[in-house]
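Here are the chains, one letter per residue:
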Amino acid sequence: MPVRLTNRPICHHCDGFPAVSITTGTRHPDGSRVTLRVVCPACQGTGHAHAAPAASVTAGR
């Protein structure tokens, strides 16, 4: 049977694309490009938004 995962909201900072590779413009001796891997600082590379901690949620008046 397939495993059903709960719907988790997508991170609004990275729109679900949490890791990117950026070229620096330089090349290695073999001709390949030098790249930097950068992850989204808001979701730490998961692509999903984190739930707010219970202490910061205001309920009622």
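Student: What am I meant to see in the overall build of the protein here?
Tutor: When its secondary structure is counted, the protein shows zero helices and two strands. A total of 61 residues make up the protein; the buried ones form 10% of that total. For the protein, the proportion of contacts with a sequence separation of at least 24, taken over those separated by at least 6, is 43%. Entry remark: accessible area of the protein is about 5500 Å², with carbon and sulfur atoms responsible for 58%.

Student: So what exactly am I meant to see when it comes to the pairing of strand β2 (residues 33-39) here?
Tutor: Remember that side chains alternate between the two faces of the sheet whenever the strand is regular. In the sheet, strand β1 (residues 19-27) pairs with β2 via six bridges, with the strands oriented antiparallel. When the sheet's bridge partners are listed, R27 is paired in β2 with R33. Counted between consecutive antiparallel strands, the loop separating β1 from β2 contains five residues, among which G31 sits at a positive phi close to 100 degrees.

Thresholds, definitions, all that
- Residues numbered from 1 in each chain as written.
- Predicted model: local features only at pLDDT ≥ 70, side-chain atom pairs only at ≥ 80, totals over all residues.
- Heavy atoms only, no water.
- Helix = DSSP H or I, 4+ residues; strand = E, 2+ residues; numbered from the N terminus.
- Buried < 20%, exposed > 50% of the residue type's maximum accessible area, 1.4 Å probe, protein only.
- Contact = heavy atoms within 4.5 Å.
- Areas by Shrake-Rupley, 256 points an atom, 1.4 Å probe, with all protein chains shown as cover.
- Pairing = 2+ DSSP bridges.

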